[in-house]
Amino acid sequence: MKRVVRFFQWVSLYLTLVSTAILITINSTWLYRITIDREHLTTVTTLSKAELLQEYHQLLAYLNFPWVRTLSLASFPMSESGLQHFVDVKQLFFVNHLVFIITLVPTFWFVYQLVRTRSEWQFIRPMQVAMVIPFVIACLMIAGFDRFFITFHELLFRNADWVFDPRTDPIINVLPETFFFACFVLFFVCLEGFFLLFYLFGRWSVQRKR
């Protein structure tokens, strides 16, 4: 029974770290601000940088908050399939938020127990193993982002609504592939950073005991 409980405690910890990395990534509006400048997005639309950011914030509000039920962007008309895709994305955001909320307390209690019993060394090996997985996936992503991006959408979505037509869904013109690449990079950096912090914490506890 103790092994079962410990297994789910580790799962809770991993889920908390993954969901936290996702939360940080999707709400890093500074990343889109940089993308506007680097990709010169104001040249592919009539909007200014401030107006683009305002539309992006409205999109994030719709995706993040359950009480925002309608997506309406003044400068970007959308087709029915385009709107449905953002409905699907909103559901995924909700799942991630729910995972974060549900696992946060069990994870905190698990970490507290290890610290209280001075068993932080147990973080070392699991975090060593955990660091390998994002690294491998990130390497595959860098090797072929187009294929990675398509596979990612095929795994998460049951339809092809994510394939936007710029003529009917012009918002895709201001959401370039480079922006999504940067988002994935940020996610992997955050996740690897979390794993590394726990690993170093475990190593530090061993050195302190010595």
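Shown above is the structure to which this text applies.
Because the structure is predicted, anything quoted here is derived from the model rather than measured.

Let's shift gears to unusual backbone geometry. In this structure, His40 takes a positive phi of about 50° despite not being glycine. Topologically, His40 is positioned in the loop between α2 (29-38) and α3 (49-64). Positive phi, close to 55°, is recorded for Arg118, a residue that is not glycine. Locating Arg118 in the fold gives a position in the loop between α4 (80-116) and α5 (124-143).

What follows concerns empty space enclosed by the protein. Tallying each qualifying case throughout the model produces one cavity of 30 Å³ or more. Taken together, Tyr32, Leu52, Glu55, Tyr56, Leu59, Leu73, Phe76, Ile171, Val174 and Leu175 form the lining of the largest cavity. Residue classes in the lining of the largest cavity are distributed as nine nonpolar, no polar and one charged.

Applying the stated criterion across every chain, the model contains 23 aromatic pairs. With a centroid separation of 6.2 Å and 35° between ring planes, the pair formed by Trp10 and Tyr14 is classed as tilted. Within this pair, Trp10 and its partner Tyr14 are both found in helix α1 (residues 2-26), separated by four residues, close to a single helical turn. Classification of Trp10 as buried rests on a relative accessible area of 13%. Geometrically, the ring pair formed by Phe152 and Phe184 is edge-to-face, given 5.0 Å between the ring centres and 90° between the ring planes. With Phe152 in helix α6 (residues 145-156) and Phe184 in helix α7 (residues 177-209), this residue pair connects regions lying 32 residues apart in the sequence.

Another point: the pattern of salt bridges. All chains considered together, the criterion is met by three salt bridges. Two residues, Lys49 and Asp37, come together in a salt bridge whose shortest N-O distance is 2.8 Å. Of this pair, Lys49 sits in helix α3 while Asp37 sits in helix α2, and the two are 12 residues apart along the sequence. According to the relative accessible area criterion, Asp37 is partly exposed, its value standing at 43%. Between Asp165 and Arg167 there is a salt bridge, with the nearest N and O atoms lying 2.8 Å from each other. Under the relative-accessibility criterion, Asp165 is labelled partly exposed at 25%.

What counts and what doesn't
Residues numbered from 1 in each chain as written. Predicted model: local features only at pLDDT ≥ 70, side-chain atom pairs only at ≥ 80, totals over all residues. Heavy atoms only, no water. Helix = DSSP H or I, 4+ residues; strand = E, 2+ residues; numbered from the N terminus. 1 Å grid on protein atoms, 1.4 Å probe; cavity = no way out; pocket = protein on both sides within 12 Å on 5 of 7 lines; lining within 4 Å. Points joined across faces, edges and corners; volume = space filled by probe spheres on them. Nonpolar A, V, L, I, M, F, W, Y, C, P; charged D, E, K, R; others polar. Phe/Tyr/Trp six-rings, centres within 6.5 Å; stacked < 30°, edge-to-face > 60°. Buried < 20%, exposed > 50% of the residue type's maximum accessible area, 1.4 Å probe, protein only. Salt bridge = Lys/Arg side-chain N within 4 Å of Asp/Glu carboxyl O.

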